[in-house]
Amino acid sequence: MQEPYRLSGFYKLGLRERVQLLREMTDLTDEQAQGLFGVAGLSPNQADHMIENVVGVFGLPLGIATNFMVNGRDYLIPMAIEEPSVVAGASFAARLVRDGGGFRAFCDEPLMIGQIQVLDLNDLWAARFEVLAARDQILALANAQDPIIVNLGGGARDVEVRVIEQSPVGPMLVVHLIYDARDAMGANVVNTALEAIAPLVAKISGGRTLLRILSNLADRRLARAKAIVPVVSLAHGDFDGNVVARGIVEAWSLAAVDPYRAATHNKGIMNGIDAVVIATGNDWRAIEAGAHSYAARSGQYSSLSNWQLDSPNNSPHSDANSLVGTLELPMAVGIVGGATRVNPSAKAALRLLGVQSARELAEVIAAVGLAQNLAALRALASEGIQSGHMKLHARQVAIAAGAEGEMVDRVVEALLARKVVRIDQAEEILKELRDQP
Ligand code: MEV
């Protein structure tokens, strides 16, 4: 695959031209291209093997976010999402971050946590002791369930035991199996291992095991991204770069302390994250559950990201050189297994991304989440988000009215000037423009 590049002006191309350009830039096979470009995605027959009572398949727009550089590498980012402005916002923010050298990102080992609930125990601490003493036996039994993942370097890594002194049904133990899922999301391998070891855990502890299930609070599998944005890059229109940078930190500060704002702030982050998670065939409910439970880990729900000003000499009184953002959240995504391999569109999206491991995918997704957050905060801290939305909406309306090529921009301009973005207005403007000599 040719090195993906910034694709500046990609949004100005027509749908067919965009597809053509991507085909020229990448080595997607015909089948992959068809999967990605909506010609032949998931078929009802394939879907029929995925879930129950299938009657069809359901579509979502797939866009490509541009300008992304993560750990020095360029990426084309496939995003499946119905909300306007998200792909444009991510691409725009990625361009700002590019000015500061691109995103840095890294990810933990792909360690998942599986839980076994143990009830009916007389002595919790003695039972805990016995389970921990049998660690090697438990790990060996867990690893006997999937020799393939063990051969790939994954498998059960550790056993931890938590004592719950009080619950609505009394005391209990929770045994955690720490499992390296390698390039898989991990739910299947972990749940299989848990069900296999539960009888042994029951015997060793002398209790009764009930739940045997993966935890979506995958806090041993965190992805982190960092972005540095030169303050000068934040200046636009009448807005001074320093004012915008300070506004972003002020906006983030509210999310840091107020759950009402943190929910919306994190929703903006998940706009980017979910779109890539969905496009690559991953389980976005798992990612959502992990993100929000991690955001509440202190006992108060808070922001998943952090934004600070990097002032010369660390002086709060001098203008900042740059705005620095970081994001950290659980990222249990895979590039093997599940829908990532069954859905032709997801396969093609992974191919377009060109990631070699689940960890690399997690790093890119974290960067997209941070970019999305930056795009939202920059707009909120300056002109607000509606004007950008209206511009994009006007574009869609102009195209729906039949505008093509340079006519699109002219219709958009006229619609925005009229302050009424409606299809009948767009059709009228288009007719007027076409009737002009
Ligand atoms: C809308 O989908 C997302 C935003 O509300 C995020 C935010 O407020 O930070 C714009």
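Further up the page is the structure itself.
Because the structure is a prediction, the values reported are computed rather than measured.

This part covers helix α5 (residues 124–133). By the burial criterion, the buried members of α5 are Leu124, Ala127 and Val131. Here the buried residues of α5 occupy an arc of 65 degrees about the axis, which is enough to place them on one side. Facing away from the buried surface of α5 by more than 90 degrees, the exposed residues are Trp125, Phe129 and Ala133. Elements that come into contact with the buried residues of α5 comprise α6 (135–143), β5 (155–164), β6 (172–180) and α8 (187–205). Its side-chain oxygen placed 3.1 Å from the backbone nitrogen of Trp125, Asp123 serves as the N-cap of α5.

What follows deals with the sheet that holds strand β9 (residues 305–310). Strand order across the open sheet formed by four strands is β3-β8-β10-β9, with antiparallel pairing between neighbours. The sheet is open, and its two borders are formed by β3 (104–107) and β9, each paired with just one other strand. The mean inter-strand angle of the sheet, taken between neighbouring strand axes irrespective of direction, is 15 degrees. One ladder, built from four bridges, connects β3 with strand β8 (residues 222–230); its direction is antiparallel. Bridge pairing in β8 links Phe106 to Arg224. Running over the sheet, helix α10 (residues 259–279) touches β9 and β10 (322–330) and is turned about 75 degrees from β10. Along the sheet, helix α11 (residues 284–295) makes contact with β8 and β10, crossing β10 at roughly 115 degrees.

This part is about the side chain of Thr66. Here Thr66 shows up in strand β1 (residues 62–70). In this structure Thr66 comes out as buried when scored by relative accessible area, which is 8%. Sequence-distant contacts of Thr66, that is, excluding residues within four places in its chain, are made with Arg6, Leu7, Phe10, Ser91 and Ala94.

Moving on to the packing of α6 against α8. Contact pair α6 / α8: the axes reach a minimum separation of 8 Å and the direction vectors enclose 155 degrees. The orientation of α6 relative to α8 falls into the category roughly antiparallel. When the axes of α6 and α8 are compared, the crossing they make is right-handed. Contact residues: α6 offers Gln137, Ile138, Leu141 and Ala142, while α8 offers Ala193, Ala196, Ile197, Leu200, Val201 and Ile204. Considered class by class, the residues forming the contact of α6 with α8 number nine nonpolar, one polar and no charged.

What counts and what doesn't
- Residues numbered from 1 in each chain as written.
- Predicted model: local features only at pLDDT ≥ 70, side-chain atom pairs only at ≥ 80, totals over all residues.
- Heavy atoms only, no water.
- Buried < 20%, exposed > 50% of the residue type's maximum accessible area, 1.4 Å probe, protein only.
- Helix = DSSP H or I, 4+ residues; strand = E, 2+ residues; numbered from the N terminus.
- Arc of directions from axis to C-beta.
- Contact = heavy atoms within 4.5 Å.
- Polar contact = N/O pair within 3.5 Å; in protein donor to acceptor, adjacent residues only side chain to side chain.
- Pairing = 2+ DSSP bridges.
- Axes fitted to C-alpha atoms, helices over the stretch in contact; angles between N-to-C directions.
- Parallel < 35°, antiparallel > 145°, perpendicular 65-115°, else oblique.
- Left-handed = near helix turned anticlockwise from the far one by under 90°.
- Nonpolar A, V, L, I, M, F, W, Y, C, P; charged D, E, K, R; others polar.

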